[in-house]
Amino acid sequence: PKEIFRSDYTALPFKVSNVSMNFDIRDGETFIESELTIVQNTGEGDLVLDGEADALTLLSISLDGKDLVEGVDYSIDGDTLTIVSSLLPTTADGTSVLKTKVKVHPEKNTQLSGLYKSGSMYCTQCEAMGFRRITYYPDRPDNMAIFDSVRIEADKEAYPVLLGNGNKLEGGDVEGDRHYAVWEDPYPKPSYLFCIVAGKLGSVSSSYTTVPSGRKVHLEVYSEPENVSKLGHALESLKKSMKWDEDTFGLEYDLDVYNVVAVNDFNMGAMENKGLNVFNTAYCLADPKSATDLDYERIESVIGHEYFHNWTGNRVTCRDWFQLTLKEGLTVYRDQEFSGDMMQSHAVKRIEDVSSLRGRQFAEDAGPMSHPVRPDSYISMDNFYTATVYSKGAEVVRMYRTLLGKDGFRKGMDLYFERHDGNAVTCDDFLSAMGDANGVDISQFSRWYQTNGTPTVKYSSKYDEESKTYYLTLTQESNSDEPLLIPISVGLLDKASGEEVVATKVLELKEKEQTFEFDGLNGDVLPSMLRGFSAPVKLVQAEADASEEEDLAFLAARDTDGFNRWEAGQKLYTSLIFQTLEGNQDESKTLDYVEEAFGRALNMDGNDYSIQAYALTLPSESTLAEEMTVVDPVALHKARGDVRESLAQKYLSEIRAKYDELTETMESSGSGEDIKLDATSIGQRRLRNVLLGYLCCIKDTAEERDAASELAMKQFESSYGMTDRYSALNCLASMDGEESVVARRDAALQKFYDDANGDALVLNKWFMCQAVADLPDVLDRVKALVKHPDFTLTNPNRCSSLISAFTMNAAHFHAEDGEGYNFLGDMTAQVDKLNPQLSSRMGRGLIQWRKYSEERGALMKEALQELADMKPISSDLFEVVSSSLK
Ligand code: B3K
Ligand code: ZN
């Protein structure tokens, strides 16, 4: 496998300006003709086309009407085809026309990259490098071409719907019960945004009129016919996204059609192909009976994400794949803001996003695959669609917004589009637009693009009584030799009154160490640091001081910043869990502070139910693990569980009263099949399910177990909506012991399975809840489920909902005998033969071995070594396992 370096970028000698294609879809094989108009770019070098040897069979090739001879006019070496440069245009305005015909086998394409078959439909996935599995082409994002005509022909009865990028030009019947459609995309695009779909599809449609242009856009969302009733939410989300981008960034849609197709076999969430998005069904289909509130939220945000790509990604794209965060970080930032607006709570959204950043990205950044948001090298680009490029990349964009303010950020965006519309550009271009639009030099900020790892910011402070001045000293540590520019949002609260005396202010930390002064104060203050998580760093107090926890308790109660109130509570919980883990909880006051914070959260007034739910939720095991040098997942799970149970015991009657109160409120405000999706209703369900979780974790005695299982069963049976049913099922799935308890668990699982009635997304949930169950024999159960007739390794959703879900079940995956590792290793090896993008994702479950004890680490390495020795091994998986064995 070959490593590609960012520093090796060179512009194309020749590029394709225009494309015409013909897809002739037949059973078992598809014939693809391409007609490429070749023009000079730099003119220096050969025309090298990408084409994957394993995927393509070349049937004919000609240039300007003359058949080319292999070895004379062109040569094929591995996955590239090179045309002798003397045959190509010798002047800047000369053109040549290259025609090729290839054959591919979509039915055998289990990689799900290029043209493949999912169920009864054909579809394509080209990002990052799938187009080279469709035809010979300069398959890189800086070749933007106009696809003048893409003709698709297939059997009319089996594939009545034929879709392509852009607008449909014409269609009609062809002899032999076949038909065709021709699509044209007027906007220049890189090959990774190419897409066709052919299938027997149902759909829902609507229209949207853009503002201010008044363009009437036809919107249509497709799926297999049996799922059409679940497409409404995606369609509504699309309209909201279109309006939001107009209102927020002045960005309008630019074609007359916007099509979305939901596909069951798909390697990731969705894909922003121009005018023809393809979605994983899990991120598109929803009705209250089969989708949770989280599913609904995710669909809205991913629909938004792909739509927002039309400007940040499609109109302005990446020059090379190292710049991926240019479109992904920016678009994630945009979808986060969109979701925050739709939820009408940016604090809730921020809590969710920061939790996921800490639980996933921080770990990645501390492990063997750590890389800057703009990586320096890769073997397989598909391995770099990471939490770092996406989530940390979004944090990097958010920092521009924090530093430049709302209007300054908007000016930067406007200039970015003004300068680069229709081009393939770099992260440096984005930075320049942001700086230039605001007349500021932000070149120091570029260090974020080249620095891996999570920086640490330490703070210390003192108040000077005499001058009434507060001094806040910040220091930074990171993998960058030169200091980063870090925005630190701070507010100050008066210690005596608890009032906020200095409202949120953005401090620009530019040096290794810097002291900020706040004068004119009336007494000592407490800082509320890093409000809204203004930078992706770890914040620590320089000298651990005796009052640290008292201060946290104060902030948990008084901070005016919603995110930081939550954060203070999380820090207290963390502290108690770590003390429990180390067995030295007794002398500290931590427990008092935690109980105070928990009790307050439980009795919070108002209807901010989601905030209340999150304030009552302990930090996840993966977030906690992030703060430990060596993790013992079994002990950590137990310590967290003990803290959880003791809180539940202590507040049992209040939790139960609140649970019942909510049940009553929810029943009176609508029940049965009427599932409301407003923030209040979602918040009520979220809170009640958190409370159910506490009530169900009390299970020391037979009586307690029976009571918990009865309560969960009652919720399971009485709920119509998936959110409440699935929460209850998850509680039940982890219950064990007496016959009555086991009987309820098994009955609920059976009922859930039967009710699913074959619905793929519901079955995924059924597999997942068993994979994450906290039962001593969970691995045996998972192994048995691998043999279940509904299980398959070929569908990424199904595979992940069992195998990857089990690896999240840390206490069991990391069982001391290493059986969890062997199981994951075996599964990964099998999947690698089918789908390398999926196997390399699975393999990541093993690479963090340095985080664990020597014994565990050795067992993980053994499983990794076995994968590394496998022949053949995909380059995707090879890159992941070898990075961690170095
Ligand atoms: N751009 C796609 C991701 C493609 C992943 C290729 N392995 C989805 C998105 O981020 O919108
Ligand atoms: Zn994206």
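Computed from a prediction, not measured in an experiment: that's the story for all the values here. (Residues numbered from 1 in each chain as written. Chains lettered and ligands numbered in written order. Predicted model: local features only at pLDDT ≥ 70, side-chain atom pairs only at ≥ 80, totals over all residues.)

1. Concerning the overall build of the chain
Now for step 1: Helix and strand counts for the chain come out as 26 helices and 31 strands.
Now for step 2: In terms of overall size, the chain behaves like a compact globule, its C-alpha atoms giving a radius of gyration of 28 Å where 886 residues would be expected to give roughly 29 Å.
Now for step 3: Overall, the chain is about 85 × 70 × 60 Å in size when its C-alpha atoms are taken along their principal axes.
Now for step 4: In the chain, which comprises 886 residues, the proportion classed as buried is 49%.
Now for step 5: Restricting the contact set of the chain to residue pairs at least 6 apart, pairs at least 24 apart contribute 69%. (Helix = DSSP H or I, 4+ residues; strand = E, 2+ residues; numbered from the N terminus. Rg over C-alpha atoms; globule rule 2.2 N^0.38 Å. Buried ≥ 20, exposed ≤ 12 C-beta atoms within 10 Å, placed from the backbone. Contact = placed C-beta atoms within 7 Å.)

2. Points about the environment of Ser719
Now for step 1: Mapping Ser719 onto the fold places it in the loop between α16 (702-718) and α17 (722-733).
Now for step 2: Given 20 C-beta atoms within a 10 Å radius, Ser719 is considered buried.
Now for step 3: Remark: the alpha-carbon pair of Ser719 and Lys289, spanning 430 residues in sequence, is separated by 9.5 Å.
Now for step 4: With residues up to four places along the chain from it excluded, the contact list for Ser719 reads Asp724, Arg725 and Ala728.

3. Details of the confidence of the model for the chain
Now for step 1: This prediction gives the chain a mean pLDDT of 97; 100% of its residues lie at or above 70.
Now for step 2: This prediction of the complex comes with two scores: 0.99 for pTM and 0.99 for ipTM. (pLDDT = per-residue confidence, 0-100.)

4. With respect to helix α19 (residues 760-771)
Now for step 1: Over its 12 residues, α19 extends 17 Å from the first C-alpha to the last, a length consistent with the 16 Å expected when each residue adds 1.5 Å.
Now for step 2: Counting buried positions along α19 yields 11 of 12 residues, so the element is predominantly enclosed.
Now for step 3: Of all the residues in α19, the buried ones are Ala760, Leu761, Leu763, Asn764, Lys765, Trp766, Phe767, Met768, Cys769, Gln770 and Ala771.
Now for step 4: In this structure, the buried residues of α19 make contact with α17, α18 (739-756), α20 (778-786) and α21 (796-808). (Expected span 1.5 Å × (residues − 1).)

5. Brief notes about the sheet that holds strand β19 (residues 257-263)
Now for step 1: Reading across the sheet, the 5 strands line up as β17-β18-β19-β21-β20 and stay open at both edges, with mixed pairing between neighbours. The sheet terminates laterally at β17 (202-209) and β20 (270-271), the two strands that pair on one side only. (Pairing = 2+ DSSP bridges.)

6. Notes on the site of ligand 1
Now for step 1: Around ligand 1, a shell composed of Glu127, Ala128, Met268, Ala270, Met271, Glu272, His305, Glu306, His309, Glu328, Asp382 and Tyr385 is seen.
Now for step 2: Only β20 and α2 (293-308) provide two or more residues apiece to the shell around ligand 1.
Now for step 3: Each of two domains, domain 2 (201-315) and domain 3 (324-450), supplies a minimum of three residues to the shell around ligand 1. (Near = placed C-beta within 6 Å. Domains from an automatic or database assignment.)

7. A short note on the packing of helix α1 (residues 232-249) against α2
Angle between the axes and distance between the axes: these two values describe a pair of packed helices.
Now for step 1: Taken N-terminus to C-terminus, the directions of α1 and α2 make an angle of 50°; their axes are 9 Å apart at the nearest point. The angle between α1 and α2 places the two elements in the oblique class. The chirality of how α1 crosses α2 is right-handed. Residues His233, Ala234, Ser237, Leu238, Ser241, Met242 and Asp245 of α1 form the contact with α2, whose participating residues are Tyr296, Ile299, Glu300, Ile303, Gly304, Tyr307 and Phe308.
Now for step 2: For the contact of α1 with α2, the per-class residue count stands at 8 nonpolar, 4 polar and 2 charged. (Axes fitted to C-alpha atoms, helices over the stretch in contact; angles between N-to-C directions. Parallel < 35°, antiparallel > 145°, perpendicular 65-115°, else oblique. Left-handed = near helix turned anticlockwise from the far one by under 90°. Nonpolar A, V, L, I, M, F, W, Y, C, P; charged D, E, K, R; others polar.)

8. Quick word on the pairing of strand β14 (residues 167-174)
Now for step 1: Strand direction decides the pairing type here: β14 and strand β15 (residues 178-189), joined by 7 bridges, are antiparallel. By the bridge assignment for β15, Lys168 is matched with Trp183.
Now for step 2: The turn joining β14 and β15, which pair antiparallel and follow one another in sequence, is formed by 3 residues; a positive phi near 85° is taken by Gly176.

9. Quick look at the sheet that holds strand β12 (residues 145-155)
Now for step 1: Strand order across the open sheet formed by 8 strands is β6-β5-β9-β3-β2-β12-β15-β14, with mixed pairing between neighbours. Two strands close off the open sheet at either side, each with one partner strand: β6 (66-67) and β14.
Now for step 2: As paired elements, strand β2 (residues 14-26) and β12 share 7 bridges and run parallel to each other. In the strand pairing of β12, Asn22 is matched with Arg151.

10. Concerning the domain arrangement of the chain
Now for step 1: Domain assignment breaks the chain into domain 1 (1-199), domain 2 (201-315), domain 3 (324-450), domain 4 (457-535) and domain 5 (757-886).
Now for step 2: Each of domain 2 and domain 3 has a C-alpha centre, and the two are 22 Å apart.
Now for step 3: Between domain 2 and domain 3, the contact holds 16 residues from the first and 16 residues from the second.
Now for step 4: When the residues that make up the side of domain 2 that touches domain 3 are grouped by side-chain class, the tally is 5 nonpolar, 7 polar and 4 charged.

11. Structural notes on the nonpolar core
Nonpolar side chains in soluble globular proteins generally cluster together in the buried interior.
Now for step 1: Ranked by size, the top nonpolar core spans 244 residues in total, and within it Val197, Ala198, Val261, Leu572 and Leu732 carry the most contacts.
Now for step 2: Element by element, the count of residues in this core is highest for helix α5 (residues 387-420), at 12 residues.
Now for step 3: The contacts of Val197, once residues within four sequence positions are left out, are Met121, Tyr122, Cys123, Leu163, Val261 and Leu276. (Core = buried A, V, L, I, M, F, W, Y, C linked by C-beta atoms within 7 Å.)

12. Some words on helix α25 (residues 854-868)
Now for step 1: Compared with the 21 Å implied by 1.5 Å per residue over 15 residues, the 20 Å span of α25 between its first and last C-alpha is a close match.
Now for step 2: Taken residue by residue, α25 has Arg856, Leu859, Met860, Ala863, Leu864 and Leu867 as its buried positions. With its buried residues spanning 140° around the axis, α25 presents them on a single face. For α25, exposure combined with an orientation more than 90 degrees from the buried face picks out Glu854, Glu855 and Ala858.
Now for step 3: Looking at the buried residues of α25, the elements they touch are α23 (819-832), α24 (836-843) and α26 (875-885). (Arc of directions from axis to C-beta.)

13. A closer look at the packing of helix α14 (residues 652-668) against helix α15 (residues 679-696)
Now for step 1: Packing of α14 against α15 brings their axes to within 9 Å, and their N-to-C directions diverge by 145°. The chirality of how α14 crosses α15 is left-handed. Of α15, the residues touching α14 (which contributes Ile655, Arg656, Lys658, Tyr659, Leu662, Thr663, Thr665 and Met666) are Gln684, Leu687, Arg688, Leu691, Leu692, Tyr694 and Leu695.
Now for step 2: For the contact of α14 with α15, the residue count by class is 9 nonpolar, 3 polar and 3 charged.

14. A few points about unusual backbone geometry
Now for step 1: Ala128 follows Glu127 through a cis peptide bond whose omega is -5°.
Now for step 2: With respect to the helices, strands and loops of the structure, Ala128 is situated in the loop between β11 (121-125) and β12.
Now for step 3: Cis peptide bonds are those with omega within 30 degrees of zero, and the linkage from Lys871 to Pro872 qualifies with -5°.
Now for step 4: Positioned with a positive phi, Leu112 is a non-glycine residue whose angle comes to about 60°.
Now for step 5: Here Leu112 shows up in the loop between β9 (95-104) and β10 (114-118).
Now for step 6: Even without a glycine there, the phi angle at Leu530 is positive, about 55°.
Now for step 7: Along the chain, Leu530 turns up in the loop between β30 (525-528) and β31 (538-541).

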